[in-house]
Amino acid sequence: MRAAYASAPNPDDPLAGLVVGERPDPVAPDGWTTVAVKAASLNHHDLWTLRGVGIRAEQFPMIIGCDAAGIDTSTGDEVVVHSVIASDAWDGDETLDPKRSLLSEIHQGTFAEQVIVPKRNVLPKPVELSWAEAACLSTAWLTAYRMLFVKSGLRPGQTMLVQGASGGVATAAIMLGRAAGYRVWATARTEAKQAAALDLGAHQAFPSGARLPERVDVVIETVGQATWSHSVKALKPGGRIVTSGATTGPGPAAELNRIFFLQLSVVGSTMGTKPELAQLIAFLRDSGLRPHIDRTLPLESVRDGLAAMAAGDLIGKIVVEV
Ligand SMILES: NC(=O)c1ccc[n+]([C@@H]2O[C@H](COP(=O)([O-])OP(=O)(O)OC[C@H]3O[C@@H](n4cnc5c(N)ncnc54)[C@H](OP(=O)(O)O)[C@@H]3O)[C@@H](O)[C@H]2O)c1
């Protein structure tokens, strides 16, 4: 089958190891099913995989791609794939399983004509969502959903700040936060991206690092080192940073004095559970909210999308159609 895969890790030039070519058709073991992929979206995770971050060297070659929508070939159903693969015996919150992985870390990923997943990892795709929209949900949108609605403690009327407004998780957080009734502020590195944040629903947008009109209740962090200090300083006493990523590096000065003196909380968040993904899908189906898709590309052109992501040249999600 056709697939986009990382042939070998390359920390400095992630696209050097990318191949779009033939890979063996997968064979689903007992309890697993084969999904014929219709669409899959790009995540920063794909660049980490190509760099060799979060994956062991012996796992290469690895088909990249964390999330997908397609046809479950064992039932004929239209499905969304939940990317968090828990161990067989695990019961409960899959994100807390010490042995859990995302597709493309141990098991082959979704940028392919077919992907195999445990049968419990597929959910019905509502007809109201296009293939491309459904393909955006399992990673970036699910992560934003859990950050906002499980981890942040935000209540309608409170203020949240989204750092790095143009990213997949960040655009999802802006749109979900606005739909939920929060006051949404965002930062971005360019005026065009600040304008895009306003178009997506942010009430105000600021240059990265700008002094804010007042302090906020919650910061939604995926940028890491480049914005961390600003995130800590942006919080009201008792405020909370919810962090799920460190695109610019994981080594920020912790600002411990400010954290204890102002009684701030730093809360980690990763992906989301299958029930949370089902709730997200239902929210989109019933609210009419839809992921902002920057562009769709054929699988053969996935390199162009990954290059745009590496350069920060995107607003929202890039989708590959298979
Ligand atoms: N823990 C989890 O479960 C989980 C799930 C999803 C994602 N993540 C992580 O979250 C991060 C974002 O993922 P994504 O897929 O949303 O990535 P993405 O679409 O590539 O977005 C990258 C973001 O980084 C910002 N950025 C990059 N360099 C910057 C800099 N020097 N200064 C300020 N902002 C900068 C961009 O903001 P601008 O708008 O300013 O350009 C953009 O919002 C990644 O590190 C990813 O691995 C983690």
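Residues numbered from 1 in each chain as written. Predicted model: local features only at pLDDT ≥ 70, side-chain atom pairs only at ≥ 80, totals over all residues. Heavy atoms only, no water.

Take the site of the ligand next. H44, G164, S166, K193 and S244 are the nearest of the 25 residues found near the ligand. At a separation of 2.8 Å, an oxygen atom of the ligand approaches a polar side-chain atom of R189. Interatomic distance of 2.6 Å between a side-chain N/O atom of K193 and an oxygen atom of the ligand. Protein chains shield 88% of the accessible area of the ligand, which is 920 Å² for the free molecule. Taken atom by atom, the bulk of the ligand overlaps the largest pocket. Breaking the shell around the ligand down by element, the ones donating at least two residues are α1 (44-51) and α4 (168-179). The class makeup of the residues in the shell around the ligand is 9 nonpolar, 14 polar and 2 charged. (Near = heavy atom within 4 Å. Polar contact = N/O pair within 3.5 Å; in protein donor to acceptor, adjacent residues only side chain to side chain. Areas by Shrake-Rupley, 256 points an atom, 1.4 Å probe, with all protein chains shown as cover. 1 Å grid on protein atoms, 1.4 Å probe; cavity = no way out; pocket = protein on both sides within 12 Å on 5 of 7 lines; lining within 4 Å. Sits in = over half its atoms within 2 Å of the grid points. Helix = DSSP H or I, 4+ residues; strand = E, 2+ residues; numbered from the N terminus. Nonpolar A, V, L, I, M, F, W, Y, C, P; charged D, E, K, R; others polar.)

Once that is clear, we can look at the pairing of strand β13 (residues 204-207). Bridging between strand β12 (residues 183-188) and β13 involves 4 bridges; their strand directions are parallel. Directly across from A186, in β13, lies its bridge partner A205. Remark: the β12/helix α5 (residues 191-200)/β13 crossover connection has right-handed handedness. (Pairing = 2+ DSSP bridges. Right-handed = clockwise from strand over helix to strand, strands pointing away.)

The nonpolar side chains of soluble globular proteins are, as a tendency, buried together. Ranked by internal contacts, the top residues of the largest apolar core, which has 44 residues, are W141, M160, I174, I220 and L280. Breaking this core down by element, the ones donating at least two residues are α2 (131-134), α3 (137-151), β11 (159-162), α4, β12, α5, β14 (216-221) and α8 (274-287). Element by element, the count of residues in this core is highest for α3, at 8 residues. V35, A68, F111 and V117 belong to the second largest nonpolar core, which has 34 residues in total. (Core = buried A, V, L, I, M, F, W, Y, C linked by side-chain atoms within 4.5 Å. Buried < 20%, exposed > 50% of the residue type's maximum accessible area, 1.4 Å probe, protein only.)

This part takes up the layout of surface pockets. Which parts of space are left empty comes out when a probe the size of a water molecule is rolled across the atoms. Computed from the structure, the largest pocket encloses a volume of approximately 1,200 Å³. Considering the residues around the largest pocket, the lining is formed by 48 residues, among which H44, W48, T222, G245 and T247 are closest to the centre. Residue assignment for the lining of the largest pocket shows that the elements contributing at least two residues are α1, α3, α4, α9 (302-310) and β18 (317-321). For the lining of the largest pocket, the element with the highest residue contribution is α1, accounting for 4 residues. Taken together, the residues of the lining of the largest pocket break down into 18 nonpolar, 24 polar and 6 charged. (Points joined across faces, edges and corners; volume = space filled by probe spheres on them.)

Right, let's talk about the side chain of S41 for a bit. The residue S41 is located in strand β3 (residues 32-41) in this model. You can call S41 buried: its relative accessible area is 0%. A polar contact is formed between the side chain of S41 and the side chain of D67, at a distance of 3.1 Å. At 2.9 Å, the side chain of S41 forms a polar contact with the backbone oxygen of A135. Non-local contacts of S41, meaning those with residues more than four positions away in its chain, are made with D46, D67, F111, A135, C136, K317, I318 and V319. (Contact = heavy atoms within 4.5 Å.)

Within the open sheet, the 3 strands sit side by side as β2-β1-β4. Their pairing is antiparallel. The strands lining the two open edges of the sheet, one partner per strand, are β2 (18-22) and β4 (62-63). As judged from the 5 bridges shared by strand β1 (residues 2-6) and β2, these two strands associate in the antiparallel manner. Bridge pairing in β2 places Y5 opposite V19.

It is worth stressing that arrangement in space is one thing and function is another; only the former is reported here.
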